[in-house]
Amino acid sequence: YEKALILFRKAEEVPGLPSWFTPQNQVERLAMSPEIYGFNPVWCNVELAQEMHEQNLLIQNGGDLTITANDWFTHHIEKSDIINPAATQVGIDYLQVAYDRGWDDLWKSVMLTNFGRAYKYHSEKNQQNFDLAVEWLKKSIALNANAKYSNQPWSIIGRGTPRAYFELAELLENPQRFGFDQAYQNLQEGQKYYQDGKEHLKQYGSLGPYSIMESMYVNVFEKKFCFKRKDEDIGNIKDLCEYGRSLDDEKHAPLYLFQALSYHLLSDKTMVNFETATDCYQAGLIAYFKLGGGHNWVGECLTKCMSPLIYLSLIHISEPTRLLSISYAVFCLKKKNNKRI
């Protein structure tokens, strides 16, 4: 633990580091919550964490602080199932300073959405925090930030107003899934926000659903779904992927990949879901090669993870009691491989 802190502190001396990714931020996390790295929680150093926090506030501008807050929330929810109110408050403090310093409407929408997500995912599960999550997400939607002419449209779509629609929709449709009382459910309003979100995405073409999928649902490189996504997401994933492909041809390959991963990693391990996953992988490859390859990093990742992911699918159904299924799966895989060749 001490060696990690020393090395992070040495990194502060390196010139030319980007302001949006600071060693001070890493030290603050480690000092505040050593337990999420597997260290003893009694080694928590509040004074050091506070010192690093104040330095970050001096180094970073509004946009940088927004990214820091977003990373802080994501970091804690991926590393631990335990809600840490103190850590959540650190992220909220970063957001508040960023918002107070002012930024353009695009990044303000990101801040507002992150406020909502902080209360949705990281807060204690009571009526007040549920209402705060809904309030902040609705503020982002009301801002109606249009990322179409941004120099980072995928980032704004995936973090700002467009994402707020889908975060709010699933919270209203099933609050119990996020730890809140099911009595807070408003199914009709949630479904309306989901449809309104799709309508909002239309202006971005296939980039809209692609950005939502990439930022809200799946981590492609780690081949896992964000925020411990459940089986019920498969319906939304399929719907958004098909919707994106209906808008234009630009993002067909990654949208097929996202859909394939949902059946691969989230679904029951049945032959139907196995074939659906491999069909989506194959469709993604076809779409990728139609573009000539190399047009986006997700397309390049698709060709790299194609074979190992199908191999993993075979492992999922390889219990000794299912030899017939294995034989059939291998037969199907050979047929599909022949077609690809």
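Quick notes on the rules
- Residues numbered from 1 in each chain as written.
- Predicted model: local features only at pLDDT ≥ 70, side-chain atom pairs only at ≥ 80, totals over all residues.
- Heavy atoms only, no water.
- Helix = DSSP H or I, 4+ residues; strand = E, 2+ residues; numbered from the N terminus.
- Buried < 20%, exposed > 50% of the residue type's maximum accessible area, 1.4 Å probe, protein only.
- Areas by Shrake-Rupley, 256 points an atom, 1.4 Å probe, with all protein chains shown as cover.
- Contact = heavy atoms within 4.5 Å.
- Expected span 1.5 Å × (residues − 1).
- Core = buried A, V, L, I, M, F, W, Y, C linked by side-chain atoms within 4.5 Å.
- Phe/Tyr/Trp six-rings, centres within 6.5 Å; stacked < 30°, edge-to-face > 60°.
- 1 Å grid on protein atoms, 1.4 Å probe; cavity = no way out; pocket = protein on both sides within 12 Å on 5 of 7 lines; lining within 4 Å.
- Points joined across faces, edges and corners; volume = space filled by probe spheres on them.
- Salt bridge = Lys/Arg side-chain N within 4 Å of Asp/Glu carboxyl O.
- Axes fitted to C-alpha atoms, helices over the stretch in contact; angles between N-to-C directions.
- Parallel < 35°, antiparallel > 145°, perpendicular 65-115°, else oblique.
- Left-handed = near helix turned anticlockwise from the far one by under 90°.
- Nonpolar A, V, L, I, M, F, W, Y, C, P; charged D, E, K, R; others polar.
- Polar contact = N/O pair within 3.5 Å; in protein donor to acceptor, adjacent residues only side chain to side chain.

*Asks:* I'd love a proper account of the overall build of the protein, names of residues and values included.
*Replies:* Across its full length, the protein holds 16 helices and 2 strands. With 341 residues in all, the protein has 52% of them scored as buried. Looking at the protein as shown, the accessible area adds up to about 16200 Å², and 54% of this sits on carbon and sulfur atoms.

*Asks:* Break down the side chain of glutamine 24 for me, citing the residues and quoting the values.
*Replies:* With respect to the secondary-structure elements, glutamine 24 resides in helix 2 (residues 23-32). In this view, glutamine 24 contacts Glu12, Met52, Gln55, Asn56 and Ile59; residues no more than four positions away in its chain are not counted.

*Asks:* Please set out helix 9 (residues 161-173) residue by residue, giving values where relevant.
*Replies:* Across its 13 residues, helix 9 extends 19 Å between first and last C-alpha, which sits within 8% of the 18 Å expected from 1.5 Å per residue. Of all 13 residues in helix 9, 12 are buried; the element is thus mostly enclosed. Looking at the buried side of helix 9, the elements it contacts are helix 6 (105-121), helix 7 (127-143), helix 8 (153-159), helix 10 (187-201), helix 11 (207-217) and helix 12 (233-247).

*Asks:* Account for the nonpolar core, naming residues and giving values.
*Replies:* Soluble globular proteins tend to bury their nonpolar side chains together. Counting 74 residues, the largest nonpolar core has Phe166, Ile212, Met213 and Leu240 as the members making the most contacts within it. Tallying contributions element by element places helix 6 first for this core, with 9 residues. For leucine 240, the contacting residues outside a window of four places in its chain are Phe166, Tyr194, Lys198, Leu201, Pro209, Ile212, Met213 and Tyr217.

*Asks:* Mind laying out the packing of aromatic side chains, listing which residues take part and the relevant values?
*Replies:* Counted according to the given criterion, the structure contains 9 aromatic pairs. An angle of 40° between the planes, with centres 5.6 Å apart, marks the rings of tyrosine 1 and tryptophan 43 as tilted. In this pair, tyrosine 1 is assigned in the segment before helix 1 (2-11) and tryptophan 43 in the loop between helix 2 and helix 3 (46-59), connecting sequence segments 42 residues apart. Under the relative-accessibility criterion, tyrosine 1 is labelled buried at 18%.

*Asks:* Lay out empty space enclosed by the protein in plain terms, naming residues and giving numbers.
*Replies:* Using the criterion set out here, one finds 2 cavities of 30 Å³ or more in the structure. Space inside the second largest cavity adds up to approximately 40 Å³. In this structure, the second largest cavity is lined by Phe166, Ala169, Glu170, Glu173, Tyr194, Met216, Tyr217 and Asn236. Contributing elements (two or more residues each) for the lining of the second largest cavity: helix 9 and helix 11. With 4 residues, helix 9 is the largest single contributor of residues to the lining of the second largest cavity.

*Asks:* Break down the pattern of salt bridges for me, with residues and values.
*Replies:* Pairing of side chains with opposite charge becomes possible as their charged atoms draw close. Within the structure shown, the criterion is met by 13 salt bridges. Linking arginine 177 and aspartate 233 is a salt bridge whose minimum nitrogen-to-oxygen distance equals 2.5 Å. Residue arginine 177 is found in the loop between helix 9 and helix 10, and its partner aspartate 233 is found in helix 12; the two are separated by 56 residues along the sequence. Residue aspartate 233 is classed as buried on the basis of its relative accessible area, which comes to 0%. We note a salt bridge from lysine 192 to aspartate 196, for which the minimum N-O separation is 2.7 Å. On the criterion of helical spacing, the pair formed by lysine 192 and aspartate 196 is a turn pair, its members being 4 residues apart in helix 10. On the accessibility criterion, aspartate 196 (28% relative accessible area) is partly exposed. Where salt bridges share partners, they join Arg117, Lys120, Arg163, Glu167, Glu170, Arg177 and Asp233 into one cluster.

*Asks:* Explain the environment of leucine 30 to me, and be specific about the residues and the numbers.
*Replies:* On the secondary structure map, leucine 30 appears in helix 2. For leucine 30, a relative accessible area of 3% puts it in the buried group. Counting along the chain gives 18 residues from leucine 30 to leucine 48, while the straight-line C-alpha distance between them is 9.7 Å. For leucine 30, the contacting residues outside a window of four places in its chain are Tyr1, Ala4, Leu5, Phe8, Tyr37 and Phe39.

*Asks:* Please provide a residue-by-residue account of the packing of helix 1 against helix 2, values included.
*Replies:* At a closest axis distance of 8 Å, the pairing of helix 1 and helix 2 adopts a crossing angle of 160°. One element, helix 1, and the other, helix 2, form an angle in the roughly antiparallel class. Crossing geometry of helix 1 relative to helix 2 is assigned as left-handed. Contacts between helix 1 and helix 2 involve Ala4, Leu5, Phe8, Arg9 and Ala11 from the former and Pro23, Gln26, Val27 and Leu30 from the latter. Per-class residue counts for the contact of helix 1 with helix 2 are 7 nonpolar, 1 polar and 1 charged.

*Asks:* Any chance you could break down the side chain of lysine 120 for me, citing the residues and the numbers?
*Replies:* One can find lysine 120 in helix 6. Take lysine 120: its relative accessible area is 0%, and that puts it in the buried class. A distance of 2.8 Å separates polar atoms of two side chains, one belonging to lysine 120 and the other to glutamate 170. Once residues within four sequence positions are removed from consideration, lysine 120 is found in contact with Lys125, Ala133, Glu167, Glu170, Leu171, Phe178 and Phe180.

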